Amino acid sequence: MEQEMIEALNLLLGRHRSRRENVLWLLQDIQTHFGYIPEEAVDWFAERLDIPTSRFFGVITFYPKFRMRPAGRNTLTVCCGAACHIKGGRGLLETARNSLGLPPGEDTSSDLSFTLQEATCIGACNIAPVAILNDRVYGDVDPRKISALIEEHRSPAPEGET
Ligand code: FES
């Protein structure tokens, strides 16, 4: 484990040692700090707080907001709400999954360039089907457009990251 990570974990330990029963709060802080929950962080806290790792993993798997892998550098959200669904939102999601090479159950590309999400309605039904890339909303999206957005934003992983 890198020194930088150990320092961060020690800082979090200082904050949570007296509230060791609140695993949810600790996991939130770990994810806020690292952007995800590293497995080695779970092992590290389990040992120091004398809490079984199964208790951590029980909470992690219960709450979908927790992730055990880093998110992609770009976040692509495809709306599959009613208006977007009628206009092909589900197909756009599949196109994006295929372009990113995402196996079933996986939301982040192996090169960590994208995390793909599905939304139910983002309130822009008048320009359906809609996709959001990072903070920018795109309307009247078709498969060609979503593939082009992915290609434009696909970037090589920074040194030391994959
Ligand atoms: S259903 Fe997609 S924006 Fe409303």
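Above this text sits the structure in question.
Cut-offs applied
Residues numbered from 1 in each chain as written. Predicted model: local features only at pLDDT ≥ 70, side-chain atom pairs only at ≥ 80, totals over all residues. Heavy atoms only, no water. Phe/Tyr/Trp six-rings, centres within 6.5 Å; stacked < 30°, edge-to-face > 60°. Helix = DSSP H or I, 4+ residues; strand = E, 2+ residues; numbered from the N terminus. Buried < 20%, exposed > 50% of the residue type's maximum accessible area, 1.4 Å probe, protein only. Polar contact = N/O pair within 3.5 Å; in protein donor to acceptor, adjacent residues only side chain to side chain. Contact = heavy atoms within 4.5 Å. Axes fitted to C-alpha atoms, helices over the stretch in contact; angles between N-to-C directions. Parallel < 35°, antiparallel > 145°, perpendicular 65-115°, else oblique. Left-handed = near helix turned anticlockwise from the far one by under 90°.

1. Comments concerning the packing of aromatic side chains
Counted according to the given criterion, the structure contains three aromatic pairs. A connected cluster of aromatic rings, assembled from ring pairs, spans Phe62, Tyr63 and Phe66.

2. Here we look at the side chain of Asp29
Mapped onto the secondary structure, Asp29 falls in helix α2 (residues 23-34). Look at Asp29 and you get buried, because its relative accessible area is 16%. A polar atom in the side chain of Asp29 sits 3.3 Å from the side chain of Arg15. Excluding residues that lie within four positions of it along the chain, Asp29 makes contacts with Leu12, Arg15 and His16.

3. Thoughts on the packing of helix α1 (residues 3-16) against α2
Contact geometry for α1 and α2: axes closest at 11 Å, N-to-C directions at 150 degrees. When the axes of α1 and α2 are compared, the pair comes out roughly antiparallel. Here the hand of the crossing between α1 and α2 comes out right-handed. Taking contact as the criterion, the partners of Met5, Ala8, Leu9, Leu12, Arg15 and His16 in α1 are, on α2, Trp25, Leu26, Asp29, Ile30, His33 and Phe34.

Structural measurements only, silent on function.
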